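# Report on the structure
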Amino acid sequence: MKVIVCENYDEMSAKAFEVIKELLDVKKDAVLGLATGSSPVGLYKEMIQYHKDGYSYKDIKSYNLDEYVGIDRKDPQSYYTFMYENLFKDIDIDLNNTHVPYGNTEADCKAYEDALSEVSIDLQVLGIGQNGHIGFNEPGTPFETLTHIVDLTENTREANARFFDNDINKVPTQAISMGIGTIMKSKKVLLVANGENKADAIKAMIEGPIDTACAASALQNHADVVVVLDKAAASKLTK
Ligand code: GLP
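Criteria and cut-off values
- Residues numbered from 1 in each chain as written.
- Predicted model: local features only at pLDDT ≥ 70, side-chain atom pairs only at ≥ 80, totals over all residues.
- Heavy atoms only, no water.
- Salt bridge = Lys/Arg side-chain N within 4 Å of Asp/Glu carboxyl O.
- Buried < 20%, exposed > 50% of the residue type's maximum accessible area, 1.4 Å probe, protein only.
- Pairing = 2+ DSSP bridges.
- Helix = DSSP H or I, 4+ residues; strand = E, 2+ residues; numbered from the N terminus.
- 1 Å grid on protein atoms, 1.4 Å probe; cavity = no way out; pocket = protein on both sides within 12 Å on 5 of 7 lines; lining within 4 Å.
- Points joined across faces, edges and corners; volume = space filled by probe spheres on them.
- Nonpolar A, V, L, I, M, F, W, Y, C, P; charged D, E, K, R; others polar.
- Contact = heavy atoms within 4.5 Å.
- Axes fitted to C-alpha atoms, helices over the stretch in contact; angles between N-to-C directions.
- Parallel < 35°, antiparallel > 145°, perpendicular 65-115°, else oblique.
- Left-handed = near helix turned anticlockwise from the far one by under 90°.

Okay, the pattern of salt bridges next. On inspection of all chains with the given rule, the structure shows 13 salt bridges. For K58, the salt bridge identified is with D59, shortest N-O distance 3.1 Å. Taking relative accessible area as the criterion, D59 reaches 36% and is therefore assigned partly exposed. Residues joined by salt bridges that share partners form a network here, namely K27, D122 and K187.

In structure tokens, the structure reads:
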């Protein structure tokens, strides 16, 4: 894994954008895997600025990692709405080329995985959960898992309550998520993380054993991973 440590969130976002820009500049029809959460918002702002500077995303395709179960697409808390508000509405991507998983059945999971197997993700953007989850692959998820329905852990629901009026009871109990096996098929992975509350997960991901206890540790087996951190998220790394 290539690890880049930055002074702060803004520098992290700018450095992460440099990694995406290298791809965008050579492949106008690149397939991006996208993530929600506060970590990549600054990166998406940089992508929006690039469009304002003249770059066209009209032939870019995107596939998101995950979505809550039981929340309508149009709901302000849905990950679809998050992507629309934080990126899609401010760039010229064709909304028909954007994909966010949806549903709660095995058939929904298979349909998403089938759609993914018809393309090849050039670069997958990831954040990381405090418990080391990527997408919504919680601790213990087998590494070969494909798109599946997840029971969210208490820890994850607590961490995400900030988006639901700080009321854990309003946080959905399930999600549909690309599996670790799905994520590992991506040609390149770009993981961004900031803040002290991610420091343990980052240490486990980079320096810990490759073990399902930390879903992100699977990335040690991927040939092309770039991790961009702020100082606080990197603070527990020994090297
Ligand atoms: C959620 C998402 C993850 C994301 C994580 C961290 O659980 N499913 O994809 O990486 O939150 O979110 P944040 O970047 O807001 O800390």
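Next comes the rest of the account.
Adjacent strands of a sheet pair through backbone hydrogen bonds, lying either parallel or antiparallel. Spatially, seven strands are ordered β1-β10-β9-β6-β2-β3-β5 in an open sheet, and the strand pairing comes out parallel. Single-partner strands in this sheet number two, and they are β1 (2-6) and β5 (98-99). Relative to strand β10 (residues 225-230), strand β9 (residues 189-193) runs parallel, the two being bridged by five bridges. Considered in β10, the bridge of V192 is made with V228.

Moving on, we get to the layout of surface pockets. Its boundaries defined by the atoms lining it, the largest pocket holds a volume of some 550 Å³. Along its surface, the largest pocket is lined by 32 residues, and T36, G37, S38, N160 and R162 are the ones closest to its centre. For the lining of the largest pocket, the elements supplying multiple residues, two or more each, are β4 (66-68), α3 (79-86) and α5 (154-160). Looking at the lining of the largest pocket element by element, the count peaks at four residues for α5. Residues of the lining of the largest pocket, tallied by class, amount to twelve nonpolar, 17 polar and three charged.

With respect to the secondary-structure elements, G103 resides in the loop between β5 and α4 (106-117). Residue classification places G103 among the buried positions, given a relative accessible area of 15%. As for G103 and D72, which are separated by 31 residues in sequence, their C-alpha atoms are 9.6 Å apart. In this structure, G103 is in contact with V69, D108, I149 and I176, ignoring residues within four places of it in sequence.

The geometry of helix α1 (residues 9-26) relative to helix α2 (residues 41-52) is characterised by a closest axis approach of 8 Å and an angle of 50° between their N-to-C directions. Overall, the two elements α1 and α2 adopt an arrangement that is oblique. The way α1 lies across α2 gives a crossing that is right-handed. Contacts from Y9, S13, A14, A16, F17, I20, K21, L24 and D25 in α1 reach V41, G42, L43, E46, M47 and Y50 in α2. A breakdown of the residues in the contact of α1 with α2 according to their chemical character gives ten nonpolar, two polar and three charged.

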